[in-house]
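# Residue-level structural notes
The lines below spell out each chain.
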Amino acid sequence: RKEVEQDPGPFNVPEGATVAFNCTYSNSASQSFFWYRQDCRKEPKLLMSVYSSGNEDGRFTAQLNRASQYISLLIRDSKLSDSATYLCVVRAGSGAGSYQLTFGKGTKLSVIP
Amino acid sequence: DAGITQSPRYKITETGRQVTLMCHQTWSHSYMFWYRQDLGHGLRLIYYSAAADITDKGEVPDGYVVSRSKTENFPLTLESATRSQTSVYFCASSEWGGGPSETQYFGPGTRLLVL
């Protein structure tokens, strides 16, 4: 089983739509969770961290379900500029190398005019 | 300019040649990382460093060597390049400590083609 799994997409949605991405992780000792965004031929950039209680940043909402080892990202009112690949990222628990991040392969989003 | 830079941005080399990819950050971050990104695999960690003179292997270290004599630099060397090392290489840095300082900041990447 892959450590971090995502639906690769692509998700093609019209402007203004709401879209949700899901991610599952296999290591139950994982401590920290993130969504990164990567534009075509660019470097990944942090979109938001994911907290246990769920968190929101403008049009973006992230949720974490530790029991199901599941992370989600909801984008409301999609903009053309949201077109990118969204990477689910997990950090392992304590111990040596615990600051290493494990990346999912990414979900590609295309927002269509 | 402040930030994290990589050089060269593009490199074509031949099988068997030694290649060094450079990474430089101006934030004085303690931690630095090298990843490769390939279609179908996502980002995979090659090597990381917790401080100057402290390095350790990641998921895919074979065929690569790193050094970190100065906090701001973290070069990655392919000792004898192979075609399977054709990839996009990203360097990243972070200031560990939990919370927002966990964020890894990535350089613009180096696109390497091994013929």
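Sequence order as written defines residue numbering, which begins from 1 separately in each chain. For this description, chains carry letters from A and ligands carry numbers from 1, given in the order in which they are written. pLDDT decides what is reported in this predicted model: residues at 70 or higher carry local features, side-chain atom pairs at 80 or more are listed and counted, and totals for whole chains, interfaces and linings draw on all residues regardless. To get the side-chain values, take all heavy atoms of the structure and skip hydrogens and water.

## Some words on the environment of A:Glu5
Residue and element names in this part refer to chain A. For the record, the criterion: In this description a helix means any DSSP run of H or I spanning at least four residues, a strand means any run of E spanning at least two, and both kinds are numbered starting from the N terminus. Whether a residue is buried, partly exposed or exposed follows from its accessible area with a 1.4 Å probe, protein chains only, as a fraction of its type maximum: under 20%, in between, or over 50%, in that order.
With respect to the element layout, Glu5 can be found in strand β1 (residues 4-6). For Glu5, a relative accessible area of 35% puts it in the partly exposed group. Sequence-wise, Glu5 and Leu87 are 82 residues apart; in three dimensions their C-alpha atoms are separated by 9.9 Å.

## Observations concerning the side chain of B:Ser49
Residue and element names in this part refer to chain B. To be explicit about the condition: Residues adjacent in sequence count toward polar contacts only when both atoms are side-chain atoms; beyond that, a polar contact is any pair of N or O atoms within 3.5 Å, and within protein one must be able to donate a hydrogen and the other to accept it.
Mapped onto the fold, Ser49 is located in strand β5 (residues 42-51). Here Ala51 takes part through its backbone oxygen, which lies 2.9 Å from a polar atom of the side chain of Ser49. A polar contact of 2.9 Å, which involves the side chain of Ser49, links it to the side chain of Arg68.

## Observations concerning the state of the cysteines
A disulfide bridge is the covalent bond that connects two cysteines by way of their sulfur atoms. For clarity, the threshold we go by: Only a pair of cysteine sulfur atoms within 2.5 Å qualifies as a disulfide here.
Going through the model one piece at a time under the given rule, you end up with 2 disulfides over all chains. A sulfur-sulfur separation of 2.0 Å characterises the disulfide bridge that pairs A:Cys23 with A:Cys88. The disulfide joining A:Cys23 to A:Cys88 has a torsion of about -80° about its S-S bond and is therefore left-handed. Placement of A:Cys23 in strand β3 (residues 19-25) and of A:Cys88 in strand β9 (residues 84-91) is noted, with a sequence separation of 65 residues between them. One exposure class covers both A:Cys23 and A:Cys88, and it is buried. A sulfur-sulfur separation of 1.8 Å characterises the disulfide bridge that pairs B:Cys23 with B:Cys91.

## Quick look at the pattern of salt bridges
Which entries qualify depends on this criterion: By salt bridge we mean one thing: a side-chain nitrogen of Lys or Arg within 4 Å of a carboxyl oxygen of Asp or Glu.
Applying the stated rule across the entire model yields 7 salt bridges over all chains. For A:Asp39, the salt bridge goes to A:Arg37, with nearest N and O atoms at 2.8 Å. Among the residues examined, A:Arg37 registers a relative accessible area of 19% and is labelled buried. One network of salt bridges, with partners in common, ties together B:Arg36, B:Asp38 and B:Arg44.

## A look at the interface of chain A and chain B
In plain terms, the rule: Only heavy atoms enter the contact rule, under which two residues are in contact if any of them lie within 4.5 Å.
Taken together, the contact pairs 18 residues of chain A with 22 residues of chain B. Linking chain A to chain B there are 0 salt bridges. Here chain A and chain B share 3 residue pairs in polar contact (both at pLDDT 80 or more) between them. Elements with a minimum of two residues in the side of chain A that touches chain B: β4 (32-38), β5 (44-50), β9 and β10 (101-103) of chain A.

## A short note on the sheet that holds strand β3 (residues 19-25) of chain B
Two pairing modes exist for strands in a sheet, parallel and antiparallel, and in both the strands are linked by backbone hydrogen bonds. Residues and elements named next belong to chain B. Heads up, the condition is: Any two strands between which DSSP finds at least two bridges are classified as paired. Only C-alpha atoms enter the line fits that serve as axes; for helices the fit covers just the stretch in contact. Angles between N-to-C directions range over 0 to 180 degrees.
Pairing is antiparallel in the open sheet, where 4 strands are placed in the order β1-β3-β8-β7. A strand with exactly one partner marks an edge of an open sheet, and here the two such strands are β1 (4-7) and β7 (64-66). Between one strand axis and the next, the sheet turns through 20° on average, direction left out of account.

## Focus on the sheet that holds strand β6 (residues 55-57) of chain A
Residue and element names in this part refer to chain A. With respect to topology, 5 strands assemble into an open sheet ordered β1-β3-β8-β7-β6, the strand pairing being antiparallel. On the outer flanks of this sheet lie β1 and β6, each paired with one strand and no other. Averaged over neighbouring strand pairs, the angle between their axes works out to 20° when direction is ignored.

## Some points on the environment of A:Ser78
All names here are of chain A. Topologically, Ser78 is positioned in the loop between β8 (70-75) and β9. Put simply, Ser78 and Ser110 are 32 residues apart on the chain and 9.7 Å apart in space, counted from C-alpha to C-alpha. When residues no more than four places from it in sequence are discounted, the contact partners of Ser78 are Val13, Pro14, Glu15, Gly16, Ala17, Val19, Arg59 and Val111.

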